[in-house]
Amino acid sequence: QVQVVESGGGSVQAGGSLRLSCAASGYTYRWNCMGWFRQTPGKEREGVATIYSGDGSTYYADSVKGRFTISRDNARHTVYLQMNSLKPEDTAMYYCAAKDGVADCTGGINPALFAYWGQGTQVTVSS
């Protein structure tokens with residue numbers, strides 16, 4: 001019985017900031033690779049960022065580099081996404097996800113590799 005719950009979404013103006021949180025509960029033993037994805041209507045789900053608890057390494061999509069920061073509290077299995085300098089094109093439903101077990105974050109940010117998903121939190125950026 002595992003659960004992944006995102007929070008922190010909302011509506012902001014361009015240039016503003018939001019911090020998303022992802023709380024994982026239940027059996028989350030060695031969920032070493034966790035990440036954030038986003039999706040808009042008519043678009044495929046795309047990877048935003050990942051973080052690997054083994055060494056703290058992170059990955060960011062080119063579109064968010066320098067603006068977004070992913071972090072995690074390993075003991076609490078909580079992942080954060082600090083989003084600064086938001087743009088209208090960042091508008092999407094944001095999902096938190098985890099790979100199963102000790103898997104690292106290699107292999108790209110393919111959503112199919114992530115086994116556990118939250119229900120999403122909406123981020124809307126207006127111009």
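The rules behind the values
- Residues numbered from 1 in each chain as written.
- Predicted model: local features only at pLDDT ≥ 70, side-chain atom pairs only at ≥ 80, totals over all residues.
- Heavy atoms only, no water.
- Pairing = 2+ DSSP bridges.
- Helix = DSSP H or I, 4+ residues; strand = E, 2+ residues; numbered from the N terminus.
- Axes fitted to C-alpha atoms, helices over the stretch in contact; angles between N-to-C directions.
- Disulfide = S-S within 2.5 Å.
- Salt bridge = Lys/Arg side-chain N within 4 Å of Asp/Glu carboxyl O.
- Buried < 20%, exposed > 50% of the residue type's maximum accessible area, 1.4 Å probe, protein only.
- Phe/Tyr/Trp six-rings, centres within 6.5 Å; stacked < 30°, edge-to-face > 60°.
- Lys NZ or Arg CZ within 6 Å of the ring centre and 35° of its normal.

Draft legend 1. Broad picture of the sheet that holds strand E8 (residues 78-83). Pairing is antiparallel in the open sheet, where 4 strands are placed in the order E1-E3-E8-E7. The sheet is open, and its two borders are formed by strand E1 (2-7) and strand E7 (68-73), each paired with just one other strand. Each strand axis lies, on average, 15° off the axis of its neighbour in the sheet, ignoring direction. Looking at chain direction, E1 and strand E3 (residues 18-26) are connected through 6 bridges and run antiparallel.

Draft legend 2. Up close: the state of the cysteines. Scanning the model with the defined rule gives 2 disulfides in all. Between the sulfur of cysteine 33 and that of cysteine 105 lies a disulfide, 2.1 Å long from S to S. The chirality of the disulfide connecting cysteine 33 with cysteine 105 is right-handed, given an S-S dihedral of about 120°. With cysteine 33 in strand E4 (residues 33-39) and cysteine 105 in the loop between strand E9 (92-98) and strand E10 (116-117), this residue pair connects regions lying 72 residues apart in the sequence.

Draft legend 3. Fine view of the pattern of salt bridges. In this structure the tally under the stated criterion is 4 salt bridges. In this structure, the salt-bridge partner of arginine 38 is glutamate 46, at a minimum N-O distance of 2.9 Å. With relative accessibility at 5%, the residue arginine 38 sits in the buried group. For glutamate 46, a relative accessible area of 37% corresponds to the partly exposed category.

Draft legend 4. Representation of the packing of aromatic side chains in the model. Enumeration according to the criterion identifies 4 aromatic pairs in this entry. Seen in terms of ring centroids, tryptophan 31 and tyrosine 116 are 4.6 Å apart; in terms of plane orientation they differ by 15°. Their pairing is stacked. Of this pair, tryptophan 31 sits in the loop between E3 and E4 while tyrosine 116 sits in strand E10, and the two are 85 residues apart along the sequence. For tryptophan 31, a relative accessible area of 1% translates into the label buried. Ring plane angle 75° and centroid distance 4.9 Å describe the contact between phenylalanine 37 and phenylalanine 114, whose orientation is recorded as edge-to-face. Here phenylalanine 114 lies in the loop between E9 and E10 and phenylalanine 37 lies in strand E4, a separation of 77 residues in the sequence. Accessibility assignment for this pair places phenylalanine 37 and phenylalanine 114 in one class, buried. Over the ring of tyrosine 95 we find arginine 45, and its NZ or CZ is 3.9 Å from the ring centre. Sitting over the ring of tryptophan 117, arginine 45 keeps its end group 4.8 Å from the ring centre.

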